[in-house]
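# Descriptive structure summary
What follows is the residue order along each chain.
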Amino acid sequence: MALRDFLKGFSAQRWFTPKACRPLPLVFSQFREVLKANNQALEIIADMGEKLSGEYLFDLRYVESTVEEMIAAMRRAIAAINVLTQDQHTALQEVFTPMEARIRAILNKRDDRDGPPLLWLTEIEDRHWPLVGGKAAHLSELLHNPQVRVPEGFVITAGLFHEILDLNGIRPEFDRFEQLLSEHLPDEEALEALRCLLQEKVLRAEPPPGFLATLAEALQQLAADSPRALFLAVRSSAQEEDMDFSFAGQFHSELQVPPQAEAVYRAYLQVAASLFGAKAIGYRRQVFPEGGTMSIAACCQRMIPAKASGIIYSIDPMDPGSQSMVVVGALGQGQAVVEGQVPTDFFRLGRGEAPQVIERVLAAKHEALLPTGNAEGGLAMQAVPNGQAGAPCLDERILFELAAVAIHLETFFKRPQDIEWTLDPQGILYILQSRPLLITESEKGKPRLSEKLEDYELIAADAGRVAQQGIGAGPVFWVETLADLKEFPEGAVLISHRDSSQYVQVMHRAAAIVTEVGSPTSHMATLCRELRVPCLVGVPDILTKVVPGEEITVDAEDRRIYRGRVVELLTYQATTSMDLHMAPEFRMLRRILRNVSRLNLVDPLMQDFRPEGCKTFHDVLRFIHETAVLELVELGRDDRCLPGGLARRLELPIQAGILAIDIGGGIAPDAPRDAIPFAAIRSIPFRAILQGMLFPGAWHQETMPVSFRDMMHSMMTTPQDTLSGQYTGHNIAIISETYVNLCFRFGYHFNIIDAFCHDVERDNHIYFRFLGGATDIAKRSRRATLIATILEAFDFSVKTRGDLVIARTGNLVQSEMERTLDILGRLIGFTRQLDVQMTDDQAVARYAEAFLMGDYGVVAGK
Amino acid sequence: MSETNTRLLVVDDEPIVGKRLKQVFDKIGFAIETYTDSAAALAAMAEKPFDIVVTDLKMEGIDGIEVLKRVRAMNPDTRVIIITGYASPDTAELAEQEGVFAFLAKPFRLDELKQVIYRAIESGRAKA
């Protein structure tokens, strides 16, 4: 569909639906009801999200009761929007019902049961985590990271595991087994008998009908994309694996499996049965004494014909303060390395700016684990040709490449990593696994951390609020405009005045984030929690206390910022055995929030901006909020709905021609009936906009000379072209004490600002829309680009389509809201007739620069 | 901020509470011991006095009120802080009578607990 048609469709649906006029105060009170219910739900979601910051102590009971409250608030919000829109969105309830069911399945820990039997690693999203297990989930994260290469493959899911249990009549024994594991003092004999029985039954289990065909198809596809003869590595990915406990070596792996469906299925059963292995169950009972649900998935990946393989630790676990990393490697497949079957080369690398090898201990590598070469697959220990045994398994170039990957993964996962790598004969490096590196530092003779910290210069103490706990150190990088993000270096600390969800672009590379304003409930804070970026918000004047490039350490636990790199704190972080994010309470809450707080429905211009496009609770709330705002926007546009008697003329020093309709507390009660002066405006957001419009020089009074061509253009525009036709009617402001809906219809362009502003940050929003102009589309688009550029500089999220600009911001404290609205007021004046002057693309940058510098006179050629 | 001399004991049957508080208070220099079993916690207190005891209210076996009573009987200088997800006004009143220093409702910010503990230390010093 052409953009033009699409926009027409959009405008037809949203802007010109004839509707019966309802009294404004009634509509406004219904609007407030929507906001209220929406905010209650958002508040609960934000509250739950905040708990993930690590700043709180909570238990599972908290999670359960809060989920109930949240669901009730969602239902109220859905009901309220249907009252406001007169039942135009009853589909929301149908969309919400399955979402609610899903959340309940998570609460009952049954969310690993429903889903496809097979998922490609590339297809895996967060919501699939319970289905694919911890290891595959981490692999898929790596796969989406352009800086590492992961062997292609797919996952046989926990969904299939449960299907097999049901199909083969194993369910009753399985349930009984889970039950026994959760008992305080179970009958050990019964437990052991059941364990053996389950293992046997799973090994003999029949696949569900059609599964082997699905598997064969996947294998064919994998073979088609594979440069060499395909063999597979089939590895476990259990529910809890690589989460809070590594389960390292507890489950079975089958390597060099031939690419036939039957063979892969048999290998899979071996892996699945190892869930009930004596060793794995013993380990499970140690780490989960309270029991819990069990299931297992398996990763099936292309085997890399390894020239060499091994492990890299992103810091030396024996000496975490040393700033060095450790590599071990051998020739052939890595299985022999992790199981300690072969002697390995040892390298110690410096972590400084220029990589260097500090220590190198080479082993005589007379044997290597290599493919047998048979069609049936399998690996065998084989002799290494004479002369190769003593050579290093990796050259310096690959070592440094590996070191860079390790540092990147450490920044990416925000913890030291234990990484399995393999090198193919072409010298291409693959990452097979990356998991948190466990380090235990001896307590003996260790001076207390708090005493060591006294030697460092404290830049800020009791600094702001924690959006995400953690400790991060790196060079300071200031972000003033979103464009700065493009330059953001790996491992830097992001410092900015305001928070912005746009920072998500660099969060994987950021050691920490510190902002001067912002709240722990903002979108940015949510993203920090998802990506585990240590973050402090609301740290006053931090920009004046640090300079770009200097190293600082942010302790977003005790809310302190130190000058320099505080090695002791970083070591402390690496050696704390408890990774909070992996605790069961945190994981449960995170699973719920994944289905609740993610925002997919961002762009109201997209076709999926409808109830059916909602994937999460937040999407539903977003849809409701946007729909409610548009309902008001539309009302402001529709002259039929504006009772003339209510509209009162403003008397301003500039010729803006605005009529105000006060629906409650927007105008001083003692103001004159007509010709209302600025001083009588009580509406917080409207007053701020007017202040900007009245700012000296911002509102130029001169009329721009419109060229004959431009004039002809606008006159020739077909009447159907609703986007560039002339808008008629008044400039109308619908206001209350905390709200403004301002519609400007300046000749050929149309500008809406819808804003809500009071002392509760979460309620606050600004919606800005600008459209059209008198000149040709090139000039109009340039003006749109100019407006977008300026709004982006003020942290709006902005969409442009031709000459249409839609920008939004919100969740700001009242003072920031007022400042932003003031800027919008100036912008309205500044850009009012500016399309005429947008003769070339350079004009965009020139005028944007002028506006940002406060040089408003440039428009009048002064 | 070093609290090297302050001895803190935490008892809560949810393992996350002890694990988490150990992490937090270790870092800022407290000498902290944590227990998931109230009987074991009381045994530890019988051996050596603690300055501050943080206890859950509802626990199997010996509950928080009982812990409070016994601690106060053993060592009246120990400040007891009760953390709970469900405090009825009755239990709160009972705890007041038994000389609880503070009540904190779960979930709470770690900072809030820190502040309460600092207050408890202050009140201990003032009395001394």
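So, here's what we can say about the structure. Predicted model only: the values in this text are computed from it and were never measured. (Residues numbered from 1 in each chain as written. Chains lettered and ligands numbered in written order. Predicted model: local features only at pLDDT ≥ 70, side-chain atom pairs only at ≥ 80, totals over all residues.)

## Side note on the overall build of chain A
The number of helices and strands found in chain A is 24 helices and 31 strands. Counting the 862 residues in chain A, one finds 48% classified as buried. Summarising the internal contacts of chain A: among those between residues at least 6 apart in sequence, 67% fall at separations of at least 24. (Helix = DSSP H or I, 4+ residues; strand = E, 2+ residues; numbered from the N terminus. Buried ≥ 20, exposed ≤ 12 C-beta atoms within 10 Å, placed from the backbone. Contact = placed C-beta atoms within 7 Å.)

## Some points on the interface of chain A and chain B
On the chain B side, the residues contacting the 19 residues of chain A number 19 residues. Looking at the side of chain A that touches chain B, the elements that each hand over two or more residues are β1 (56-57), α3 (60-84) and α14 (449-453) of chain A. The dominant element in the side of chain A that touches chain B, judged by the number of residues it contributes, is α14 of chain A, at three residues. A per-class count over the side of chain A that touches chain B returns nine nonpolar, two polar and eight charged. Two strands pair when backbone bridges link them, and β1 of chain A and strand β6 (residues 108-109) of chain B are joined in this way by two bridges, in the antiparallel orientation. When the bridges of β6 of chain B are listed, Y56 of chain A appears paired with R109 of chain B. (Nonpolar A, V, L, I, M, F, W, Y, C, P; charged D, E, K, R; others polar. Pairing = 2+ DSSP bridges.)

## Structural notes on unusual backbone geometry
Phi is mostly negative for residues that are not glycine, and the peptide bonds are mostly trans. Here K106 of chain B and P107 of chain B are connected by a cis peptide whose omega angle stands at -5 degrees. Along the chain, P107 of chain B falls in the loop between β5 (102-105) and β6. With a phi close to 60 degrees, D87 of chain A is a non-glycine residue in the positive phi region. Locating D87 of chain A in the fold gives a position in the loop between α3 and α4 (91-107).

## Some details on the packing of helix α8 (residues 188-203) of chain A against helix α10 (residues 261-273) of chain A
How two helices sit against one another is set out by the angle between their axes and by the gap between those axes. All names here are of chain A. Relative to each other, α8 and α10 sit at 165 degrees, their axes nearing to 8 Å. By the angle class used here, α8 and α10 are roughly antiparallel. In this structure, α8 crosses over α10, and the sense of that crossing is right-handed. In contact with Q199, V202 and L203 of α8, α10 contributes L269, A272 and A273. When its residues are assigned to classes, the contact of α8 with α10 shows five nonpolar, one polar and no charged. (Axes fitted to C-alpha atoms, helices over the stretch in contact; angles between N-to-C directions. Parallel < 35°, antiparallel > 145°, perpendicular 65-115°, else oblique. Left-handed = near helix turned anticlockwise from the far one by under 90°.)

## What to know about the sheet that holds strand β7 (residues 308-313) of chain A
Residue and element names in this part refer to chain A. A sheet is described by the order of its strands in space; here six strands give the open sequence β10-β9-β8-β7-β13-β14, paired in antiparallel fashion. Of all strands in the sheet, those with a lone pairing partner are β10 (356-361) and β14 (429-436), marking the two edges. For this sheet, the mean inter-axis angle between neighbouring strands, taken without regard to orientation, is 20 degrees. Strands β7, β8 (324-331), β9 (345-350), β10, β13 (417-423) and β14 of the sheet are contacted by helix α13 (residues 396-413), whose axis makes an angle of about 145 degrees with β13.

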